[in-house]
Every structure is written in structure tokens, then in C-alpha cells.
Amino acid sequence: MHKKTKILLCSVGISLMLGGCSGMNSANNNQKSEKSKETQAAPSEESLISVQDYTGEGYALPYGKETDKIADESLDEIEEAAIKFFKEKYKTDVTVHNVVGAKDGATVFVESKGEPHFYTYAVVPIDELEKKVMTEKIWADEFQVENAIKGGLYHMIFNEEFKQLDDYLETLAAEGQVTGKTKDTLQNVGGHGYMTPYYFIALTSKEEAIKPVYDLYISNPDESTENLRNVYDEGAFNPENFKINIQLFMAEKQAEPSEEIFNQVTKELEEMDSIPKGTYSFALNDNFIDKQSSEGAKDNSLKRGFPDYIIKE
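Remember, predicted model here, so these are calculated numbers, not experimental data.

## Some details on the overall build of the protein
Here's step 1: Summing up its helical and strand segments, the protein has 10 helices and 12 strands in all.
Here's step 2: Sorting the 313 residues of the protein into buried and exposed places 57% on the buried side.
Here's step 3: In the protein, 75% of the contacts between residues at least 6 apart in sequence involve partners at least 24 apart.
Here's step 4: When the accessible surface of the protein is totalled, it reaches about 14,200 Å², and 46% of it is carbon and sulfur.

Encoded structure:
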């Protein structure tokens, strides 16, 4: 666990990564979502780092300097509160990877243990004047956490289809020309549901097909994958509400995004009929990533997305 790093906040990278997924938070954002916005970092002009070397270190948030110190003094208490919070409210065991001071609080990055697998976060308020950590008031953005779990459930019940996608992207990376984010990055500043080094899943507020699966999981976290799959509402599925956002990086530090690789991957994604249904976006970046935002997209990035997504129905 990283206990003294200055890494924060997942929402920064998430907001940028979700640039092609606008509108997904509309109906379900609430007061706590507004609190989330307060913890987002300002755009950064910090130097870039090779994606293979990036672990999340350097991720920064305005106004977090003092709360970071206070949080460091109460890490065990914060970790205990976060584990209890996710167990009681979401029936899920989590591992705490990172705790960082933010405006009026500390953000706690967690990863679920086992399945459904996902990354998310909670916020522990901090009283700077009293130098007090208020673990009894820990909270999380309900929309973000529920969608994180739903993305993990999607991966569980459609494991065979996702395996086709995972095998394809891992094979691409093994060829040596492209790569993805490190596991440390996902753990320390990921926080956005089901994620791999190469893509993340995002659901809109209108996605209803997975709702019965989520309800069954919350009522019985030990329910079998088969039974979870059986309650999936196939008829309610709309690919526009289920997005798989693929992001690759050039493996060599000096390499510009390759049009040949971009066109090849785009064509192969279009032709695949065994990968999960949904709306796909694809971005190929150069080798570098912004330290503060965890964002790899730049002016030279090659992108396939809104309004020309790859749709799998």
C-alpha cells in the first residue's frame, strides 16, 4: 500500500478518460457527486513520464497539502473505516491501495477482492482546523461505486466474450509495438470500475440490462455466476449505454502514434464478432502520460470515438 504518496484524485483521470462518454452521469449525480467535483485537480502542465514508468506518483490535487499530512497520521483508522464502509454498504471486501489528502478530506482508493473485480474510491472528510479525520462520515459517490460494481458484474457474466477481447489486446502488446498502463497506476489512481491496462468499462445512467444482476449480487454476494447470468435482462440492453474504452500507448519512447497500427486495430475491432456487445472507442497515444492527470491523450493521439464509435450489437 502506498501510504504517503501525493497521488490524487482518480476523478481527474477519470473525467479526462470519459471525455468520450459524456452524459453518463446525468440522472444519478447527486449532492455527493458535487462533492466529488470539489476533489478534482486542476489541469496540469507538469512534465510527462513514460507510461511504462508511471505508477501514479505525482498525481496532485489542489488544497490537499495540509489534509494529506493529517491523513498520514490516521492511515490505519482510515483504512479500517474504508474496508468497513464497502463491506457494510456494498457487501464487498476491498483492499486499500492509496490514501491522499484532498480539499476538505482524504480520498481512499480501493480494489475489490475477487469478483466482481473493480476499482473505486471513497472520501473521508477532514477538519483542517481541528486536525481531525472524521471516519464516521466516510462517503462515496453512489453512481460511481454502483457502476464500478456493475462493470465488474458484466465482466463476470460475459467472461468468455471478454476473454476474446483481453487475449487480443494482450497479444497486441506482446508483439512489442504497443503497451498499456501499469497495474500500479490502476491501483493508485484508477478508481473507475472494471479496468485493465488497456481499457475500462463505463455505463450510462440508462443502462438497465445489468440492474437485476446488481440487485441479486447486493442481496446475496455469494450468488453463483450462473444465477447472476440468468437474471440478466438481455432485452433491455442497448449498446449505446455500455461503453468499452480502449487506450493503447506506443511502446517506444520516441515513437509517434502509428497510423498503420491504429488502422489495423480499428479494422480488427470492427471485424470481431466474438467480443462483448457494446460501444467501443479506441485511442492510440505516444509513449508518454501526464503525471498529474494520468492522461495519455494529446494533440498527436489517434482516436476513433464520438460520433463514430465502433458498435457491437
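This is not the end of the story, as more comes after the structure.
## Brief notes about the environment of Gly-305
Here's step 1: Position of Gly-305 among the secondary structure elements: in the loop between β11 (302–304) and β12 (310–312).
Here's step 2: With a relative accessible area of 18%, Gly-305 lands in the buried category.

## Comments concerning the packing of helix α4 (residues 75–90) against helix α5 (residues 142–157)
Here's step 1: Here α4 crosses α5 at 75°, and the two axes come no closer than 13 Å. One finds that α4 runs roughly perpendicular with respect to α5. Contact with α4, carried on its side by Phe-86, Lys-89 and Tyr-90, involves Glu-142, Val-145, Glu-146 and Ile-149 of α5 and no other residues of that element.
Here's step 2: Of the residues that constitute the contact of α4 with α5, the class distribution is four nonpolar, no polar and three charged.

## With respect to unusual backbone geometry
Here's step 1: Geometrically, the link from Glu-115 to Pro-116 is a cis peptide bond, its omega value of -5° lying close to zero.
Here's step 2: Tracing the backbone shows Pro-116 in the loop between β3 (105–112) and β4 (119–127).
Here's step 3: Omega for the peptide link from Phe-306 to Pro-307 comes to 0°, which places this bond in the cis form.
Here's step 4: Mapped onto the fold, Pro-307 is located in the loop between β11 and β12.
Here's step 5: With a phi close to 65°, Asp-104 is a non-glycine residue in the positive phi region.
Here's step 6: Tracing the sequence through the fold places Asp-104 in the loop between β2 (94–102) and β3.
Here's step 7: Taking the relative accessible area as the measure of exposure, Asp-104 reaches 42% and is therefore partly exposed.
Here's step 8: Not every positive phi belongs to a glycine, and Lys-131 is a case in point at roughly 50°.
Here's step 9: Mapped onto the secondary structure, Lys-131 falls in the loop between β4 and β5 (132–133).
Here's step 10: Accessibility expressed as a relative area gives 58% for Lys-131, which makes it exposed.

## A few points about the pattern of salt bridges
Here's step 1: Inspection of the entire model under this criterion finds 13 salt bridges.
Here's step 2: Among the salt bridges present, the one from Lys-211 reaches Asp-215, with a minimum N-O distance of 3.0 Å. A residue pair is termed a helical-turn pair when its members lie 3 or 4 positions apart in one helix, as Lys-211 and Asp-215 do in helix α8 (residues 211–219) at four residues.
Here's step 3: Asp-215 gets classed as partly exposed once you look at its relative accessible area, which sits at 36%.
Here's step 4: In this structure, Lys-277 and Glu-234 form a salt bridge, with 3.6 Å as the shortest nitrogen-oxygen distance. On the criterion of sequence distance, the pair formed by Lys-277 in the loop between α10 (259–271) and β9 (278–285) and Glu-234 in the loop between α9 (225–230) and β8 (242–250) is long-range, its members being 43 residues apart.
Here's step 5: On the basis of relative accessible area, Glu-234 is assigned to the partly exposed category, the value being 38%.
Here's step 6: In the salt-bridge network here, residues are joined through shared partners; they are Arg-229, Glu-234 and Lys-277.

## What about the packing of α5 against helix α6 (residues 159–174)?
Here's step 1: At a closest axis distance of 5 Å, the pairing of α5 and α6 adopts a crossing angle of 95°. If you check the angle between α5 and α6, you find them roughly perpendicular. Counting all contacts with α5, which are made through Tyr-154, His-155, Met-156 and Ile-157, the residues of α6 involved are Asn-159, Phe-162 and Asp-166.
Here's step 2: Of the residues assigned to the contact of α5 with α6, the class counts are four nonpolar, two polar and one charged.

Calculation criteria
- Residues numbered from 1 in each chain as written.
- Predicted model: local features only at pLDDT ≥ 70, side-chain atom pairs only at ≥ 80, totals over all residues.
- Heavy atoms only, no water.
- Helix = DSSP H or I, 4+ residues; strand = E, 2+ residues; numbered from the N terminus.
- Buried < 20%, exposed > 50% of the residue type's maximum accessible area, 1.4 Å probe, protein only.
- Contact = heavy atoms within 4.5 Å.
- Areas by Shrake-Rupley, 256 points an atom, 1.4 Å probe, with all protein chains shown as cover.
- Axes fitted to C-alpha atoms, helices over the stretch in contact; angles between N-to-C directions.
- Parallel < 35°, antiparallel > 145°, perpendicular 65-115°, else oblique.
- Nonpolar A, V, L, I, M, F, W, Y, C, P; charged D, E, K, R; others polar.
- Salt bridge = Lys/Arg side-chain N within 4 Å of Asp/Glu carboxyl O.

In short, the description is geometric, and any link to function would need to be established separately.
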